[in-house]
Amino acid sequence: MREMPLVLASVFLLGPTTLVQIDTGKLKGTPAQLAWSEDGTQLYLQTAEHDGAGKVTRTHAFLFTLGDPALTPTDGAPAWATRYWSWKSYKTPPNSEGPEIQVSQEMRTQNATESAMGGSLNEGGGSVQGLNGSGTSLNAVTTRAQQQSKVPAVILKLKTEIVGEFVDTPPVPGLTFGWAPALPAQLAYANTSGHLAIADGQGHSREVAGTKNVTLPAWSPDGSKIAFLSMTGKNKYDVCVVDAR
């Protein structure tokens, strides 16, 4: 089937509406999956607990409806949530052979503790002078060098758009992106600024105003809405939805 390009300017996106606020400190774990029921009336939320290496040790499942968004614990994922997640998080869109999300890996230098350039001259060990006469103590330079380490990074791209980036943590398909349910191929994703964005099959993208700290973007089965989580504080998230029609 020939892929039809998406004219992003024709996609009308209203600002997000908050359905429910959640505290993962009480729910336990961090958000791991968000899925729509086939009739578009329910959402499934999964949280996951991890060990020190990032491996999932336990999951918790919850359901809520759009009309009454109170979270209800449930025993595992419903069958419709499993089906939804399988196509939502795949490397290619449903009912299409392309475009494909490309995966690459690299090693990056990461500081164990971030520090600003230019340290205190009162720190022992002398200083390294810069062009402006300011300095950073040798102890500070040595400490920062010791704190730096090489860590693996996995980058997910659709054409030239980065749709997922996992640094020193296991990659999770679907955590940062979600395919639309039908052609033309569309991908909702959290861009590098943390905003919700939509890309078409050619890699053209549009950012959705009023969104931030986005994770788990998920299209409704009829393609009219996108649900996502927005982190608002430590362990605090809003479950939000935007119209996409």
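Computed from a predicted model, the values in this text were never measured in an experiment.

Conventions and cut-offs
Residues numbered from 1 in each chain as written. Predicted model: local features only at pLDDT ≥ 70, side-chain atom pairs only at ≥ 80, totals over all residues. Heavy atoms only, no water. Helix = DSSP H or I, 4+ residues; strand = E, 2+ residues; numbered from the N terminus. Contact = heavy atoms within 4.5 Å. Buried < 20%, exposed > 50% of the residue type's maximum accessible area, 1.4 Å probe, protein only. Polar contact = N/O pair within 3.5 Å; in protein donor to acceptor, adjacent residues only side chain to side chain. Core = buried A, V, L, I, M, F, W, Y, C linked by side-chain atoms within 4.5 Å. Pairing = 2+ DSSP bridges. Axes fitted to C-alpha atoms, helices over the stretch in contact; angles between N-to-C directions. Salt bridge = Lys/Arg side-chain N within 4 Å of Asp/Glu carboxyl O. pLDDT = per-residue confidence, 0-100.

Attention shifts here to the environment of Val167. Examined against the element boundaries, Val167 turns out to sit in strand β10 (residues 161-167). For Val167 and Gln110, which are 57 residues apart along the polypeptide, the C-alpha to C-alpha distance reads 9.2 Å. The residues contacting Val167, other than those within four sequence positions of it, are Arg108, Gln110, Val151, Pro152 and Ala153.

Note on placement: Ser37 falls in the loop between β2 (30-36) and β3 (42-50). Given a relative accessible area of 3%, Ser37 falls into the buried group. A polar side-chain atom of Ser37 sits 2.6 Å from a polar atom in the side chain of Asp39. Beyond its immediate stretch of four places on either side in the chain, Ser37 contacts Gln42, Trp80 and Pro221.

Among the nonpolar cores identified, the biggest contains 52 residues, and Ile22, Ile101, Leu187, Leu196, Trp219, Ile226 and Leu229 are the most heavily contacted of them. The element contributing the most residues to this core is strand β17 (residues 236-243), with five residues.

Note: strands within a sheet are paired through backbone hydrogen bonds, in either parallel or antiparallel orientation. What the four strands build is an open sheet, ordered β1-β17-β16-β15; its pairing is antiparallel. Bordering the open sheet on either side are β1 (17-23) and β15 (214-219), each of which pairs with just one other strand. Each neighbouring strand pair of the sheet contributes to a mean axis angle of 20 degrees, computed without reference to strand direction.

All right, on to the sheet that holds strand β4 (residues 56-65) then. Read across the sheet, four strands follow the order β2-β3-β4-β5 without closing on themselves; strand pairing throughout is antiparallel. Strands at the two margins of the open sheet, each flanked by one partner only, are β2 and β5 (72-74). Mean inter-strand twist for the sheet, computed between neighbouring axes without regard to direction, equals 30 degrees. The pairing of β4 with β5 spans three bridges and is antiparallel. Its bridge partner being in β5, Leu63 is matched across the sheet by Thr72.

Before going further, it helps to examine the environment of Arg58. With respect to the helices, strands and loops of the structure, Arg58 is situated in strand β4. Sequence separation of Arg58 and Gly29 is 29 residues, and the distance between their C-alpha atoms is 8.2 Å. Among residues more than four places away in sequence, those in contact with Arg58 are Thr47, Ala48 and Glu49.

What follows covers the pattern of salt bridges. What the rule picks out here adds up to five salt bridges. In this structure, the salt-bridge partner of Arg108 is Glu165, at a minimum N-O distance of 2.6 Å. Within this pair, whereas Arg108 is found in strand β6 (residues 102-111), its partner Glu165 is found in strand β10, the two being separated by 57 residues in sequence. Taking relative accessible area as the criterion, Glu165 reaches 36% and is therefore assigned partly exposed. Shared partners join several salt bridges into a network, and the residues in it are Glu106, Arg108 and Glu165.

On average, residues of the chain score 83 in pLDDT, and 80% of them reach the 70 mark or higher. In the predicted structure, residues 113-135 sits below a pLDDT of 50 and forms 30 contacts with residues beyond four places in sequence or in another chain.

Its location among the elements puts Thr160 in the loop between β9 (148-158) and β10. Residue classification places Thr160 among the exposed residues on the basis of a relative accessible area of 64%.

Turning our attention to the pairing of β2. With respect to burial, β2 is a largely interior element, six of its seven residues being buried. The pairing of β2 with β3 spans six bridges and is classified as antiparallel. Paired with Thr30 across the two strands is Ala48, which belongs to β3. As consecutive antiparallel partners, β2 and β3 are separated by five residues, and within that stretch Gly40 has a phi angle of approximately 75 degrees, a positive value.

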